[in-house]
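This is what each chain is made of:
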Amino acid sequence: MRILYPIFAIILLSGCNSAYVKPNSMELNSTVYADRGGYTMRRVIKEELERRGHHVVVGIATANEMTDDDTGDIDIDTYTVPSDAQYAIKIKERQERFAPIWCALNGFWWWRFNVSIADQRTGEEIMSWFGYGCANSSVRKLNRLLDAIEAKTEQ
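Worth saying up front: this structure is predicted, and the values here are computed from it rather than measured. (Residues numbered from 1 in each chain as written. Predicted model: local features only at pLDDT ≥ 70, side-chain atom pairs only at ≥ 80, totals over all residues. Heavy atoms only, no water.)

Undergrad: What is the right way to read the nonpolar core from this model?
TA: Note that soluble globular proteins tend to have their nonpolar side chains buried in a common cluster. Counting residues in hydrophobic clusters, the biggest one holds 24 residues, and the most contacted among them are Met41, Ile45, Leu49, Ile89, Val115, Ile117 and Trp129. Where this core is concerned, the elements lending two or more residues are strand 2 (31-34), helix 2 (40-51), strand 6 (87-93), strand 8 (109-119), strand 9 (125-134) and helix 3 (135-149). Here this core takes six residues from helix 3, the largest share from any one element. In this structure, methionine 41 is in contact with Ile91, Glu93, Trp111, Phe113, Val115 and Trp129, ignoring residues within four places of it in sequence. (Core = buried A, V, L, I, M, F, W, Y, C linked by side-chain atoms within 4.5 Å. Buried < 20%, exposed > 50% of the residue type's maximum accessible area, 1.4 Å probe, protein only. Helix = DSSP H or I, 4+ residues; strand = E, 2+ residues; numbered from the N terminus. Contact = heavy atoms within 4.5 Å.)

Laid out in structure tokens, this is it:
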């Protein structure tokens, strides 16, 4: 019976990420539109793209409707995507959780997220990634996925 526990844990952990990539489909040094703000995963993705030479933009604010807590109106921000942005990245994430035991040697934070990168010129999704895991291992997986979708030579 004791042998089943590690096997069960391995099976559970093996399904933590699901990714689709279209290899060699992202031009190097391109402009990427990303939503503003977010938790740590969104910030890390923007930083990684900039570190790799991409220009990350968050658009220009065009309208901002203020919320009224008394009436319950929803705050709506509207942004224009720059016309030169070749790629758009959408990141949905839940608030990270501090996991000092589970992620002790792997970043201490537990992330849950969905990431999608689309080519604005063709409308194709070139990367789709659902996952959850410790911070450092998620960043390593992100770098492997970006390595796969970035074109090997300048186009």
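Right, picking up where we left off after that structure.
Undergrad: Teacher, can you tell me more about the packing of aromatic side chains here?
TA: One pair of aromatic rings is described through two measures. These are the centre distance and the angle between the planes. With the rule as written, the count across this model stands at six aromatic pairs. Geometrically, the ring pair formed by phenylalanine 113 and tryptophan 129 is edge-to-face, given 4.6 Å between the ring centres and 70° between the ring planes. With phenylalanine 113 in strand 8 and tryptophan 129 in strand 9, the pair connects residues that are 16 residues apart, well separated along the chain. Taking the relative accessible area as the measure of exposure, phenylalanine 113 reaches 2% and is therefore buried. An aromatic cluster is built from Trp102, Trp110, Phe130 and Tyr132, whose rings are joined through pairwise contacts. (Phe/Tyr/Trp six-rings, centres within 6.5 Å; stacked < 30°, edge-to-face > 60°.)

Undergrad: What is the right way to read helix 3 from this model?
TA: Spanning 15 residues, helix 3 covers 21 Å between terminal C-alpha atoms, matching the ideal 21 Å at 1.5 Å per step. Taken together, the buried positions of helix 3 are occupied by Ala135, Ser137, Ser138, Val139, Leu142, Asn143, Leu145, Leu146 and Ile149. In this structure, the buried side of helix 3 is in contact with strand 1 (17-21), helix 2, strand 8 and strand 9. (Expected span 1.5 Å × (residues − 1).)

Undergrad: It is not clear to me how the state of the cysteines should be interpreted in this structure. Could you clarify?
TA: In protein structure, a disulfide is the covalent linkage between the sulfur atoms of two cysteines. For the structure shown, the criterion picks out one disulfide. The disulfide bridge from cysteine 103 ends at cysteine 134, spanning 2.0 Å between sulfur atoms. Taking the sign of the S-S torsion, about -80° here, the bridge from cysteine 103 to cysteine 134 comes out left-handed. With a gap of 31 residues between them, cysteine 103 in the loop between strand 7 (97-98) and strand 8 and cysteine 134 in strand 9 connect regions that are remote in the sequence. Considered together, cysteine 103 and cysteine 134 belong to a single accessibility category, that of buried residues. (Disulfide = S-S within 2.5 Å.)

Undergrad: Even after reading the chapter, I still don't get unusual backbone geometry, so can you show me in this structure?
TA: For residues that are not glycine, phi is negative in most cases, and the peptide bond is trans in most cases. At asparagine 24, a position not held by glycine, the phi torsion is positive, near 55°. Examined against the element boundaries, asparagine 24 turns out to sit in the loop between strand 1 and strand 2. The phi torsion at asparagine 29 lies on the positive side, around 55°, for a residue other than glycine.

Undergrad: Please explain the pattern of salt bridges as it appears in this structure.
TA: It is possible for side chains bearing opposite charge to pair when their charged atoms get close. Within this structure, the stated rule accounts for six salt bridges. The partner of glutamate 124 in a salt bridge is lysine 22, and the shortest N-O contact between them spans 2.5 Å. With glutamate 124 in the loop between strand 8 and strand 9 and lysine 22 in the loop between strand 1 and strand 2, this pair connects stretches of sequence that are 102 residues apart. Since its relative accessible area comes to 37%, glutamate 124 is described here as partly exposed. The exposure class assigned to lysine 22 is partly exposed, which follows from its relative accessible area of 28%. The salt bridge partner of glutamate 47 is arginine 43, with a shortest N-O separation of 3.2 Å. You can see glutamate 47 and its partner arginine 43 sitting in helix 2, four residues apart, about one turn around the helix. Of the residues examined, glutamate 47 reaches a relative accessible area of 41% and is grouped as partly exposed. Of the residues examined, arginine 43 reaches a relative accessible area of 43% and is grouped as partly exposed. Because the salt bridges share partners, they merge into one network encompassing Arg52, Asp147 and Glu150. (Salt bridge = Lys/Arg side-chain N within 4 Å of Asp/Glu carboxyl O.)

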